[in-house]
Amino acid sequence: MGVLDHVSDLFDCSHGRSKLKRRRQFQTVEIKVKMDCEGCERKVKKSVEGMKGVTQVNVERKANKLTVAGYVDPAKVLSRVAYRTGKKVELWPYVPYDVVAHPYAAGVYDRKAPAGYVRKAEDPQVSYLARASSTEVRYTTAFSDENPTACSIM
């Protein structure tokens with residue numbers, strides 16, 4: 001049995017290359033880059049267009065947003081844009097206004113955000129605002145117009 005295992009390991013073609021040639025997944029990477037003029041927009045777009053695996057590049061100058069779609073690594077896209085343009089770049093930190101429970105909370109509201117967007121709230125103190133305790137719910141529903149039998153004073 002030892003000789004047979006050794007011979008089969010010699011002729012096994014799957015164990016060596018499969019680890020090296022792992023195919024990347026299709027991803028959409030959104031990046032925040034400050035762009036003032038058409039020249040900045042062109043520079044940012046050209047910095048990513050030549051990358052291997054990029055299929056689509058979309059630039060929104062008013063929102064300071066760069067969207068790259070393709071078989072790319074987000075960290076490599078960030079570093080390439082930062083290196084080629086010399087600008088400060090970060091992953092897109094905003095989510096649509098409708099997704100957040102309390103869009104005007106201290107950690108969520110951002111005046112620099114584009115219209116219709118607020119900052120992602122991953123801080124546990126900010127997400128605490130979204131949960132109401134049972135006493136809060138009891139007092140707010142006691143004086144509600146939708147429940148006229150809850151309070152005899154009304």
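So, here is what we can say about the structure in this document. (Residues numbered from 1 in each chain as written. Predicted model: local features only at pLDDT ≥ 70, side-chain atom pairs only at ≥ 80, totals over all residues. Heavy atoms only, no water.)

### A word on the overall build of the protein
Where we set the bar: Labels follow the DSSP assignment, with helices taken as runs of H or I lasting at least four residues and strands as runs of E lasting at least two, numbered in each case from the N terminus. Relative accessibility under 20% of the residue-type maximum defines a buried residue, over 50% an exposed one, and the middle range a partly exposed one, all with a 1.4 Å probe and only protein chains included. Contact definition: two residues touch when any of their heavy atoms are within 4.5 Å. Only the protein chains shown count as covering a residue, and every accessible area follows the Shrake-Rupley method with a 1.4 Å probe.
When its secondary structure is counted, the protein shows six helices and six strands. What you see in the protein, going N to C, is helices and strands ordered as α-α-β-α-β-β-α-β-β-β-α-α. A buried classification covers 26% of the 154 residues belonging to the protein. Pairs at least 24 apart in sequence give 55% of the contacts found in the protein among residues at least 6 apart. In the form shown here, the protein has an accessible surface area of approximately 12,000 Å², with 53% of it arising from carbon and sulfur atoms.

### A short note on the pattern of salt bridges
Let me state the cut-off plainly: Salt bridge, as used here, is a side-chain nitrogen of Lys or Arg placed within 4 Å of a carboxyl oxygen of Asp or Glu.
Counted under the stated rule, the structure contains four salt bridges. Linking Lys32 and Glu90 is a salt bridge whose minimum nitrogen-to-oxygen distance equals 3.9 Å. Taken together, the residues span a long stretch of sequence, with Lys32 in strand β1 (residues 27-33) and Glu90 in strand β4 (residues 89-91) at a distance of 58 residues. On the basis of relative accessible area, Glu90 is assigned to the partly exposed category, the value being 28%. For the salt bridge of Asp36 with Lys34, the shortest nitrogen-to-oxygen distance reads 3.4 Å. Residue Asp36 shares its accessibility class with Lys34, and that shared class is exposed.

### Side note on the nonpolar core
Buried together is how nonpolar side chains tend to be arranged in soluble globular proteins. Test applied: Buried residues of nine kinds, namely Ala, Val, Leu, Ile, Met, Phe, Trp, Tyr and Cys, make up a nonpolar core once their side-chain atoms join them within 4.5 Å.
Membership of the largest hydrophobic core comes to 18 residues, with the highest contact counts inside it found for Ile31, Val48, Val54, Leu66, Val68, Val77 and Val81. Counting residues per element, the ones that place at least two in this core are β1, α3 (38-49), β2 (54-60), β3 (65-70) and α4 (74-85). Those residues within four positions of Val77 in sequence are excluded, and the remaining contacts are Ile31, Met51, Val68 and Val72. Ranked by size, the runner-up nonpolar core spans five residues in total, among them Val95, Val100, Val108 and Val118.

### Thoughts on the layout of surface pockets
Which entries qualify depends on this criterion: Think of a 1 Å grid over the protein atoms and nothing else: a 1.4 Å probe that fits but is trapped marks a cavity, an open set flanked by protein within 12 Å on at least five of seven lines marks a pocket, and residues with an atom within 4 Å of a point count as lining. Grid points are joined across faces, edges and corners, and a volume is the space filled by probe spheres set on the points. All residues other than Ala, Val, Leu, Ile, Met, Phe, Trp, Tyr, Cys, Pro, Asp, Glu, Lys and Arg, Gly among them, are scored as polar; the first ten of these are nonpolar and the last four charged.
In this model, the largest pocket occupies a volume close to 190 Å³. Lining the largest pocket, in full, are Lys32, Val33, Lys34, Asn64, Lys88, Glu90, Asp110, Lys112 and Arg119. Taken together, the residues of the lining of the largest pocket break down into one nonpolar, one polar and seven charged.

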